[in-house]
Amino acid sequence: MKSAVETLNPTRVRLTVEVPFEELKDSLDAAYKKINQQVTVKGFRKGKIPARVIDQRFGRGAVLEEAVNDALPKFYTDAVNEAELNPLGQPEVDITELKDGETLNFTAEVDIRPTLEIPDYSGIEVEVDAVEVTDEDVEKSVEQLRERFASTSPVERAAEDGDVVTIDLEAKVEGEVLEDGIANGVSYTIGSGELLDGIDDAVKGLEAGGEATFTSELKGGSAAGKEAEVTVKVTQVAKRELPELDDDFAQLASEFDTLEELKADSRKRLANMKQYDQATQAQERVLDKLLELVEVPVPEKLLEDEINTRKHNLEHHQLGQMGLTLDKYLEIQGKTAEEFETETREAAIKGIKTQFVLDELVKQEKLNVNQDELTEHLMRRAASSGMSPDQFAQAVVEQGQVPLLVGEVARGKALAAVVEKATVKDTNGEIVDLDDEEEETEAEAADASAEGAETSEDKGEEKAEG
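The rules behind each value
Residues numbered from 1 in each chain as written. Predicted model: local features only at pLDDT ≥ 70, side-chain atom pairs only at ≥ 80, totals over all residues. Heavy atoms only, no water. Salt bridge = Lys/Arg side-chain N within 4 Å of Asp/Glu carboxyl O. Buried < 20%, exposed > 50% of the residue type's maximum accessible area, 1.4 Å probe, protein only. Helix = DSSP H or I, 4+ residues; strand = E, 2+ residues; numbered from the N terminus. UniProt positions renumbered as here; feature names shortened; annotations may be inferred. Pairing = 2+ DSSP bridges. Axes fitted to C-alpha atoms, helices over the stretch in contact; angles between N-to-C directions. Expected span 1.5 Å × (residues − 1). Core = buried A, V, L, I, M, F, W, Y, C linked by side-chain atoms within 4.5 Å. Contact = heavy atoms within 4.5 Å. Phe/Tyr/Trp six-rings, centres within 6.5 Å; stacked < 30°, edge-to-face > 60°. Parallel < 35°, antiparallel > 145°, perpendicular 65-115°, else oblique. Patch = residues over 30% accessible without salt bridge, like charges linked within 9 Å, V, L, I, M, F, W, Y side chains within 5 Å. Areas by Shrake-Rupley, 256 points an atom, 1.4 Å probe, with all protein chains shown as cover. Lys, Arg positive; Asp, Glu negative; His and termini not counted. Charge placed at Lys NZ, Arg CZ, Asp CG, Glu CD.

Observations regarding the pattern of salt bridges
Stage number 1. With the rule as written, the count across this model stands at 33 salt bridges.
Stage number 2. Lys335 is paired through a salt bridge with Glu343; the nearest N and O atoms lie 2.8 Å apart.
Stage number 3. Among the residues examined, Glu343 registers a relative accessible area of 38% and is labelled partly exposed.
Stage number 4. Residue Glu373 is joined to Lys413 by a salt bridge in which the shortest nitrogen-to-oxygen separation is 3.1 Å. Of the two residues, Glu373 sits in helix H11 (residues 371–385) while Lys413 sits in helix H13 (residues 402–421), which places them 40 residues apart along the sequence.

Below you can see the structure in the form of structure tokens.
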């Protein structure tokens with residue numbers, strides 16, 4: 001077999017392959033054997049039909065077609081390996097010549113990973129938010145904890161803002177009560193915005209036993225997005241009472257004996273959270289700077305697949321679970337369809353570029369992934385998927401996705417290595433030491449990799465291998 005490579009653009013090549021006919025022998029033998037098992041010829045036992053009879057009765061062309069279809073994947077793979085290419089997705093194959101007994105010639109066009117030059121990135125500088133915890137931040141945190149320990153007591157008066165009402169609901173669309181449009185004994189805090197638009201105005205001023213009717217767009221269920229006539233009946237009005245902010249509250253709501261100890265712990269936790277956010281911000285901004293340094297051509301087919309994947313996941317998974325259509329989602333977000341298309345395309349391009357660059361860094365820095373790192377990443381992915389670690393691990397193995405997880409972890413390590421060499425300053429001009437956040441940053445990078453271009457490019461590689 002002889003092969004040659006023609007570069008069509010930085011991300012696409014054409015392979016021209018010439019195969020001597022004798023190299024088709026194994027596939028021809030397999031073709032005759034397969035046809036032998038599928039056909040019946042009078043006078044011959046099944047599976048014992050001579051090749052010349054098959055040629056006479058069914059045509060040599062049918063045998064050649066079967067043999068070529070069997071042999072092409074191997075010859076294509078051999079040509080790819082010989083040229084040391086990194087193909088993305090399935091090739092477009094065209095048989096240019098097939099002469100019985102002489103030769104098989106074909107071409108294969110396929111997208112490939114571009115060759116990247118990663119420049120010195122040690123000079124990257126970024127600015128991040130300073131870690132500052134104010135007294136107001138602490139007070140807000142303690143107040144949120146206080147809200148969680150609020151108690152309620154029934155009152156015999158009209159409902160007011162902040163009250164907790166127990167209500168029965170009935171929703172009608174076009175005069176018909178929906179099968180899933182009845183709910184009884186629902187607890188609702190007036191002003192929380194957790195139920196239907198318009199319900200606050202409807203229940204305020206009602207006492208136990210009172211009811212009102214209002215119109216609202218349903219957020220979920222069988223008639224999500226439709227206007228409904230909703231009848232609400234108040235069965236109880238209760239007043240929320242917050243505990244006093246004192247040492248007794250600290251002992252009730254925490255392991256601390258005094259309110260001051262509780263506030264000190266809140267300040268410490270808020271500082272840790274802001275440090276984590278700062279590390280994540282540093283990672284994102286360093287990545288943006290890194291991508292600016294590298295010229296990364298993006299294969300059009302890969303980009304198209306990635307955009308379609310992102311749209312599909314949003315519409316059929318995320319929005320579907322919330323009972324929202326894409327149009328309704330855009331309305332809530334205040335975006336036009338054109339803006340959504342632009343943002344999706346930009347995010348897809350960034351995701352693909354990120355994976356290409358970080359994968360190149362993995363090779364350049366010779367980064368490896370050990371079993372502990374892989375297990376830790378698997379545990380995080382399992383938690384985010386809602387599956388147990390054992391279930392997630394089994395699914396990963398069955399679907400042959402272990403290499404994908406390894407790639408996610410490796411890319412996380414690559415980005416962490418770039419962040420480590422970058423100069424990170426906060427808005428106060430102080431140098432930020434991210435050493436304490438290194439492991440968390442690396443884990444965050446791996447998780448981000450899992451949500452990026454992986455959905456398209458790695459799927460493309462799966463197709464090429466399949």
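Brief notes about the UniProt feature "domain: PPIase FKBP-type" (unreviewed entry) in the protein
Stage number 1. The feature "domain: PPIase FKBP-type" (unreviewed entry), as given by UniProt, occupies residues 162–215 in the numbering adopted here.
Stage number 2. Structurally, residues 162–215 is divided into 9% helix and 54% strand, and its ends, taken at the C-alpha atoms, are 22 Å apart.

Things to note about the sheet that holds strand E4 (residues 103–112)
Stage number 1. The four strands lie next to each other as E1-E2-E4-E3, forming an open sheet whose pairing is antiparallel. The outermost strands of the open sheet, each flanked by one partner alone, are strand E1 (2–9) and strand E3 (87–99). The average angle at which neighbouring strand axes cross in this sheet is 20°, direction not considered.
Stage number 2. Note that E1 and strand E2 (residues 12–20) share seven bridges and pair antiparallel. Bridge pairing in E2 places Lys2 opposite Glu18.

Section: helix H10 (residues 337–365)
The α-helix advances 3.6 residues per turn, and as a result positions three or four apart in sequence lie on the same side.
Stage number 1. Under the 1.5 Å per step criterion, the end-to-end length of H10 is 42 Å for 29 residues, consistent within 8% with the ideal 42 Å.
Stage number 2. In the segment just after H10, Lys366 is the residue with positive phi, at about 55°.

Digging into the nonpolar core
Stage number 1. Membership of the largest hydrophobic core comes to 35 residues, with the highest contact counts inside it found for Ile124, Leu290, Val357 and Leu361.
Stage number 2. At the level of secondary structure, the elements contributing two or more residues to this core comprise strand E5 (125–128), helix H7 (259–293), helix H8 (300–322), H10 and H13.
Stage number 3. At seven residues, H10 tops the list of elements feeding residues into this core.
Stage number 4. Filtering out sequence-adjacent residues up to four positions away, Val357 remains in contact with Leu116, Ile118, Leu290, Leu291, Val294 and Val296.
Stage number 5. Ranked by size, the runner-up nonpolar core spans 31 residues in total, among them Leu28, Ile35, Val63 and Val110.

Things to note about the packing of aromatic side chains
Stage number 1. The tally for this structure, following the rule as stated, stands at one aromatic pair.
Stage number 2. Each ring, one from Phe149 and one from Phe249, has its centre 6.2 Å from the other, and the planes form 90°; the classification is edge-to-face. One end of the pair, Phe149, is in the loop between helix H4 (135–148) and strand E6 (151–154); the other, Phe249, is in helix H6 (residues 247–253), with 100 residues separating them in the sequence.
Stage number 3. Overall, the relative accessible area of 2% leaves Phe249 in the buried class.

Thoughts on the packing of H7 against H10
Stage number 1. Viewed as axis vectors pointing N to C, H7 and H10 meet at an angle of 85°, and their least axial separation amounts to 10 Å. With respect to H10, the element H7 is oriented roughly perpendicular. Counted together, Leu287, Asp288, Leu290 and Leu291 of H7 and Lys350, Lys353, Thr354, Val357, Leu358 and Leu361 of H10 form the full contact between these two elements.

Topic: a negative patch on the surface
Stage number 1. Side chains of Asp247, Asp248, Asp257, Glu260 and Glu261 sit close together on the surface and give a patch of like negative charge.
Stage number 2. Among the elements of the structure, H6 and H7 are those that each provide at least two residues to the negative patch.
Stage number 3. Topologically, Asp257 is positioned in the loop between H6 and H7.

Digging into the pairing of strand E7 (residues 164–173)
Stage number 1. Sheet topology note: the E7/strand E8 (residues 176–189) ladder contains eight bridges and is antiparallel. Note that in E8 the partner of Glu170 across the bridge is Ile182.
Stage number 2. Hairpin connection between E7 and E8: a loop of two residues separates the two successive antiparallel strands, and Glu174 in this loop has a positive phi of roughly 55°.
Stage number 3. In the sheet, E7 pairs with strand E10 (residues 227–241) via nine bridges, with the strands oriented antiparallel. When the sheet's bridge partners are listed, Ile167 is paired in E10 with Val234.

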